[in-house]
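Overview (structure and organization)
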Amino acid sequence: MEKNIYQSLFENLSFGIAIIDNSNQIIESNDLFNLYFKYNPSTKPLKLDSLHSNFKSVSIASFEQITKLTSIDKKVLSVQTKPFNGNLWLIEVVDISLQEREHEDIYFRANYDQLTNLPNRDLFNDRCKQALSAAHRHKEDLALFFIDVDDFKSINDTYGHDAGDSILLESANRLSASVRESDTVSRWAGDEFSILLPKIGAKENINQLLNRISENFAKPQQVQDFNISVSLSIGVSLAPQMGTNFNNLMRFADRAMYEAKESNGFCYKYYSE
């Protein structure tokens, strides 16, 4: 009777559990554990390291260092190991997928723009400061773009805010398509974007990228039943030529952008004293 009670408790725990010996052999496991690892105990008993790549070539005493892994069906599992009855071990497995999704959602909302899914200003600032530190250590060149969508208020007033949002989203996509994987495109605020270009090298590389942006914006954007031509004003600052202080570099790029806005159509300017 007592054995049946313990077996029932073992099977009905709210987490997966298995008993493992020192050779990693699975002695006993409950249904949740079997489900998480697609393990069928009615077949030949397996060793723990055959269930997941994270367990391979790891001694049982080291499992306590493994806190998270992803199951075959993409569940995020928390794993904890405890000594049990002398020469045995308990492996406790908890599904933390929901908590992980919630954490990811909180992180995304805090660091990414909700319309364009681009990094927001805070995340852009962090990346820039890290890139500036790396550029200083390795004596590399870096460029910052500050970008404004020309006459965006007129677009909003003429075609409505939904059209304005479509313009911003498509502009974000075209900017992202223009840069390298190592670059960061950010929605700075409203109709303003910024781009971080680490390890940019020669000025000719920057001009090539600016020309690529110009080409990608040459085609009008189709919004509702309208074809809307969108141009950009871009200000450029360079490190270390113009300093290595992030706030100063963004201010320089902002000033250069306002100089660019004095021209009609797509235009870029490098900051100059």
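About the criteria used
- Residues numbered from 1 in each chain as written.
- Predicted model: local features only at pLDDT ≥ 70, side-chain atom pairs only at ≥ 80, totals over all residues.
- Heavy atoms only, no water.
- Helix = DSSP H or I, 4+ residues; strand = E, 2+ residues; numbered from the N terminus.
- Rg over C-alpha atoms; globule rule 2.2 N^0.38 Å.
- Buried < 20%, exposed > 50% of the residue type's maximum accessible area, 1.4 Å probe, protein only.
- Contact = heavy atoms within 4.5 Å.
- Areas by Shrake-Rupley, 256 points an atom, 1.4 Å probe, with all protein chains shown as cover.
- Lys, Arg positive; Asp, Glu negative; His and termini not counted.
- Charge placed at Lys NZ, Arg CZ, Asp CG, Glu CD.
- Pairing = 2+ DSSP bridges.
- Expected span 1.5 Å × (residues − 1).
- Arc of directions from axis to C-beta.
- Polar contact = N/O pair within 3.5 Å; in protein donor to acceptor, adjacent residues only side chain to side chain.
- Phe/Tyr/Trp six-rings, centres within 6.5 Å; stacked < 30°, edge-to-face > 60°.
- Lys NZ or Arg CZ within 6 Å of the ring centre and 35° of its normal.

Tallying secondary structure elements over the protein chain gives 8 helices and 12 strands in all. Against the compact-globule benchmark of 19 Å for 273 residues, the protein chain has a radius of gyration of 28 Å, which places it well outside the compact range. Expressed along its principal axes, the backbone C-alpha trace of the protein chain runs to roughly 90 × 50 × 25 Å. By the burial criterion, 43% of the 273 residues in the protein chain qualify as buried. Put simply, 55% of the contacts in the protein chain that link residues at least 6 apart link residues at least 24 apart. Carbon and sulfur atoms make up 48% of the accessible area of the protein chain, which amounts to about 15,300 Å² in all. Charged side chains of the protein chain number 28 positive and 37 negative; the gap between the two group centres comes to 5 Å.

Before going further, it helps to spend a moment on the pairing of strand β8 (residues 192-198). Counted residue by residue, β8 has 7 buried out of 7 residues, so it is predominantly covered. Neither face of β8 is exposed, since Glu192, Ser194, Leu196 and Pro198 on one face and Phe193, Ile195 and Leu197 on the opposite face are all buried. Relative to β8, strand β6 (residues 142-149) runs antiparallel, the two sharing 7 bridges. Considered in β8, the bridge of Asp148 is made with Glu192.

For the rest of this paragraph, the subject is helix α8 (residues 246-260). Over its 15 residues, α8 extends 21 Å from the first C-alpha to the last, a length consistent with the 21 Å expected when each residue adds 1.5 Å. Among the residues making up α8, those that are buried are Phe246, Leu249, Met250, Phe252, Ala253, Ala256, Met257 and Ala260. The buried residues of α8 occupy one face: seen down the axis, they fall within an arc of 160°. Tucked into the core, α8 has its buried residues touching α4 (121-138), β6, β7 (184-189), β8, β11 (232-239) and β12 (267-270). Where α8 begins, the capping side chain belongs to Asn245, and its oxygen is found 3.1 Å from the backbone nitrogen of Asn247.

A word on the packing of aromatic side chains. For the structure shown, the criterion picks out 7 aromatic pairs. A centroid spacing of 4.8 Å and a plane angle of 5° characterise the contact between Phe108 and Tyr112, whose relative ring orientation is stacked. Classification of Tyr112 by relative accessible area gives buried; the value is 19%. Their ring planes at 80° and their centres at 6.3 Å tell us that Tyr268 and Tyr270 sit as a pair that is edge-to-face. Aromatic ring contacts, followed pair by pair, group Phe124, Phe146 and Trp188 into a single cluster. Looking at Lys203, its charged tip hangs above the ring of Tyr270, at a distance of 4.1 Å from the centre.

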